[in-house]
Amino acid sequence: MAENCFPEDLIQLRVEWIRTYNRLSTPPPPPDPAELDRRLLQLSFRIRSHPYWREHPPTRTARAALHRAAVAAPGGEPEIVMKMVDGRLVAVLPPAGAAHGQDARE
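As the structure is a computational prediction, the values presented were derived from the model and not from experiment.

What to know about the nonpolar core
Then, number 1: One finds Phe6, Leu10, Ile11, Trp17, Ile47, Trp53 and Leu66 to be the most contacted residues of the largest nonpolar core, which totals 20 residues.
Then, number 2: Mapped by element, the contributors of at least two residues to this core are α1 (8–25), α2 (33–48), α3 (52–55) and α4 (60–72).
Then, number 3: The contact partners of Ile47, leaving out residues within four places of it in the chain, are Leu10, Leu13, Arg14, Trp17, Trp53 and Leu66.

Next comes the structure, spelled out in structure tokens:
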């Protein structure tokens with residue numbers, strides 16, 4: 001699947017989803033985490049119900065390509081990865097090279 005086949009509004013929804021997730025995942029905790037949780041659910045619904053998916057199946061590969069397109073988009077940022085370290089859930093910042101289209105989990 002081509003990386004640039006997604007409509008711009010769908011890419012921007014994913015950019016906003018990543019940015020919201022990152023704000024929720026990194027310390028210090030936001031003043032109202034429930035508001036960010038609601039925003040993530042809202043964005044997830046809008047992404048999944050976008051008209052683009054009517055003609056293109058939302059496979060794992062397609063969703064990963066959308067993620068990469070959002071990270072590489074202007075204003076995009078890599079998603080922060082959460083990992084268990086010594087029994088604690090901690091945010092792991094992406095490597096420096098991940099800022100422009102490379103997924104930190106690959």
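On we go.
As for the side chain of Ser25
Then, number 1: Among the structural elements, Ser25 can be located in helix α1.
Then, number 2: Here the side chain of Ser25 touches Tyr21 through a polar contact of 2.8 Å, landing on its backbone oxygen.
Then, number 3: Here Ser25 is in contact with Met82 and Ala91, once residues within four sequence places are set aside.

Section: the confidence of the model for the protein chain
Then, number 1: In this model, the protein chain carries an average pLDDT of 84, and 84% of its residues clear a pLDDT of 70 or more.
Then, number 2: Mean pLDDT values for the elements of the protein chain range from 79 in strand β2 (residues 88–92) up to 96 in α2.
Then, number 3: Confidence drops under a pLDDT of 50 for residues 99–106, and excluding neighbours within four residues, the segment shows 14 contacts in the predicted structure.

A look at the pattern of salt bridges
Then, number 1: Overall, the coordinates contain three salt bridges when judged by the stated rule.
Then, number 2: The salt bridge partner of Arg39 is Glu16, with a shortest N-O separation of 2.2 Å. Remark: Glu16 occurs in helix α1 and Arg39 occurs in helix α2; sequence separation between them is 23 residues.
Then, number 3: Arg39 sits in the partly exposed class, given a relative accessible area of 22%.

Side note on the environment of Val15
Then, number 1: As for its position among the elements, Val15 is in helix α1.
Then, number 2: Sequence separation of Val15 and Pro74 is 59 residues, and the distance between their C-alpha atoms is 9.2 Å.
Then, number 3: Not counting residues up to four positions away in its chain, the partners in contact with Val15 are Ala70, Ala73, Gly75 and Gly76.

Quick notes on the environment of His50
Then, number 1: The topology assignment puts His50 in the loop between α2 and α3.
Then, number 2: For His50 and Pro7, which are 43 residues apart along the polypeptide, the C-alpha to C-alpha distance reads 9.8 Å.
Then, number 3: Here His50 is in contact with Pro7, Asp9, Leu10 and Leu13, once residues within four sequence places are set aside.

The rules behind the values
Residues numbered from 1 in each chain as written. Predicted model: local features only at pLDDT ≥ 70, side-chain atom pairs only at ≥ 80, totals over all residues. Heavy atoms only, no water. Core = buried A, V, L, I, M, F, W, Y, C linked by side-chain atoms within 4.5 Å. Buried < 20%, exposed > 50% of the residue type's maximum accessible area, 1.4 Å probe, protein only. Helix = DSSP H or I, 4+ residues; strand = E, 2+ residues; numbered from the N terminus. Contact = heavy atoms within 4.5 Å. Polar contact = N/O pair within 3.5 Å; in protein donor to acceptor, adjacent residues only side chain to side chain. pLDDT = per-residue confidence, 0-100. Salt bridge = Lys/Arg side-chain N within 4 Å of Asp/Glu carboxyl O.

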